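Structure assessment
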Amino acid sequence: MNTSSSHAASNPRGPLAGKCTSLISLLLIASQHAAAFTSPIFQESTALQRTAPSKTEGVEIELPDFDEFFGRVQAISPLARLAIEGGGSGEGGGFALCDDTAPAGMKWKQVENNKKKLVHQIDKIDNFLNLGPPLMRWRASMEGPCHGTMFADFIMNAKRRQSWDPQVDNVCEVFPINDLDNANIAMGFGKFGDCQRLGVGYTLTKAHPIGISPREQLTLCGIQNFDDGSALIWGTELEEWHDHLFPAGERLTRAKSHLFSIALVPTGENTFDAEYSLQVDFGGTLPHWMTSPIVLDSVKKMFGVAQPFFNAGEGSELDEFLKEEKIQQEKFEDRNSILFTPS
């Protein structure tokens, strides 16, 4: 049976309706882009702040406006939007389903495009939001299981970070949130997936040969998991009124990651697409045209180091981790089954 012709017969306005639907979708996406970047992520007034206790007694973490933050992430990362909206995983999903509409009034500039490479596309928006540095976006299609927590280790774990970023002296989570339920409630109970990790992180870098002195950063970072196996790793720089969260010691020139996200969407049983978005300001006086190539090459190197880790196969560190994770999950499910079985 020719379903396309039968559909056309029963709905002669089908092609026009399809075009209208596409137009409406584009208009909705454009309006969402315009709506993002309109409100502050954090509030300087304590009366307006929403906080949650950290695991350190007496230390509160200000929670961001999650609608605003994830609105920004979705505006600049089509793969993140796909992960949050759902329905974009599996064969034929990932980048193949992404809508590359740029934020209103902005345009992506192509830096690299080579489908034969692991990192097959790099784009940027110069002077994003008039903050100075460009917003950069890397796209890679990877082999191996899609796992947000393990991928995040290449950013948040000092040893793994140093395997591709020799300028990092230390990176650590100084104040993890005490109860993830507080974060998930603030996010709207699944509106942006399930928050698996959230906390305040500290990064210290070494001096760079081109004349960049050591830098430090204080960020709020998290990991979201989604039912289809997708994940979103994210972060944003904390504000000056959060400076009391810095580790004790002499303060250094501060670098700032205005916006950071890594979206992961599975495209098969053992493949996934990854989109890394970052706007980072090194601080100091060096021009952005000098520091941007450092960032570009550094993230490309990260993907190069991560790929063999994810594709190591049976008996690898990742494989053993996933097996243990499955065992623990089954124990948890069995325990819940016993607890909620009527006597």
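Here we summarise the structure given alongside this text. Numbering of residues starts from 1 in every chain and runs along the sequence as written. Two thresholds apply to this predicted model, a pLDDT of at least 70 for residue-level local features and 80 or more for giving and counting side-chain atom pairs, whereas whole-chain, interface and lining totals are computed over all residues. The side-chain quantities take in all heavy atoms of the structure and omit both hydrogens and water.

Observations regarding the overall build of the chain
Helical segments are the DSSP runs of H or I of at least four residues, strand segments are the runs of E of at least two, and each set is numbered from the N terminus. A count of helices and strands for the chain gives nine helices and twelve strands. Relative to its 343 residues, the chain shows a buried fraction of 45%. Whether two residues touch is decided by their heavy atoms; if any such pair falls within 4.5 Å, the residues are in contact. Partitioning the contacts of the chain with sequence separation of at least 6, the portion at a separation of at least 24 is 65%. Exposure was quantified through the Shrake-Rupley algorithm and a 1.4 Å probe, taking into account, for residues, occlusion by the shown protein chains and nothing else. Of the roughly 17500 Å² that the chain leaves accessible, carbon and sulfur atoms contribute 54%. Relative accessibility decides the category of a residue: with a 1.4 Å probe and only protein chains considered, values under 20% of the type maximum give buried, values over 50% give exposed, and everything between is partly exposed.

Considering the layout of surface pockets
Both site types are read off a 1 Å grid over the protein atoms alone. A 1.4 Å probe that fits but cannot get out defines a cavity, while an open set with protein on both sides within 12 Å along at least five of seven lines defines a pocket; lining residues have an atom within 4 Å of a point. Grid points are joined across faces, edges and corners, and a volume is the space filled by probe spheres set on the points. One number sums up the size of the largest pocket: a volume of about 770 Å³. Forming the boundary of the largest pocket are 41 residues, of which Arg161, Asp165, Thr203, Gln217 and Ser257 lie nearest the centre. Among the elements of the structure, helix H5 (148-156), strand E6 (168-176), strand E7 (194-205), strand E8 (215-225), strand E9 (231-237), strand E11 (256-268), strand E12 (271-281) and helix H8 (288-310) are those that each provide at least two residues to the lining of the largest pocket. In terms of residue class, the lining of the largest pocket is made up of 19 nonpolar, 14 polar and eight charged. For this classification, Asp, Glu, Lys and Arg are treated as charged, while Ala, Val, Leu, Ile, Met, Phe, Trp, Tyr, Cys and Pro are nonpolar and the rest, including Gly, are polar.

Some details on the nonpolar core
One finds Phe66, Phe70, Met187 and Leu198 to be the most contacted residues of the largest nonpolar core, which totals 47 residues. The set of elements that each furnish at least two residues to this core consists of strand E2 (60-63), helix H3 (66-76), helix H4 (78-85), helix H7 (180-186), E7, E8, E9 and E11. Tallying contributions element by element places H3 first for this core, with six residues. If we skip the residues at most four places from it in the chain, leucine 198 touches Leu63, Phe66, Glu173, Pro176, Ile177, Leu180, Ala183, Met187, Leu220, Cys221, Gly222 and Trp234. Only buried residues count toward a nonpolar core, which is a set of Ala, Val, Leu, Ile, Met, Phe, Trp, Tyr and Cys residues joined through side-chain atoms within 4.5 Å.

Notes on the pairing of strand E5 (residues 135-143)
Of all nine residues in E5, seven are buried, a share of seventy percent or more. Criterion used throughout: strands pair if DSSP finds at least two bridges between them. Two elements, strand E4 (residues 119-125) and E5, share six bridges in a ladder whose sense is antiparallel. Opposite lysine 124, over in E5, you have methionine 136 as the bridge partner. Across eight bridges, E5 lies against E12 in antiparallel orientation. Pairing of methionine 136 across the sheet is with leucine 278, part of E12.

Remarks on empty space enclosed by the protein
Over the atoms a probe the size of a water molecule is rolled, and this reveals where empty space is left. According to the stated counting rule, one finds one cavity of 30 Å³ or more in the structure shown. Of the voids in this model, the largest cavity is the one considered here, and its volume is about 60 Å³. In terms of lining, the largest cavity is formed by Pro133, Pro134, Met136, Leu278, Gln279, Val280, His288, Thr291, Ser292 and Val295. At the level of elements, E12 and H8 are the ones that each hand at least two residues to the lining of the largest cavity. Along the lines of polarity and charge, the residues of the lining of the largest cavity split into six nonpolar, four polar and no charged.

Without other data, these values stay purely geometric and don't point to any function.
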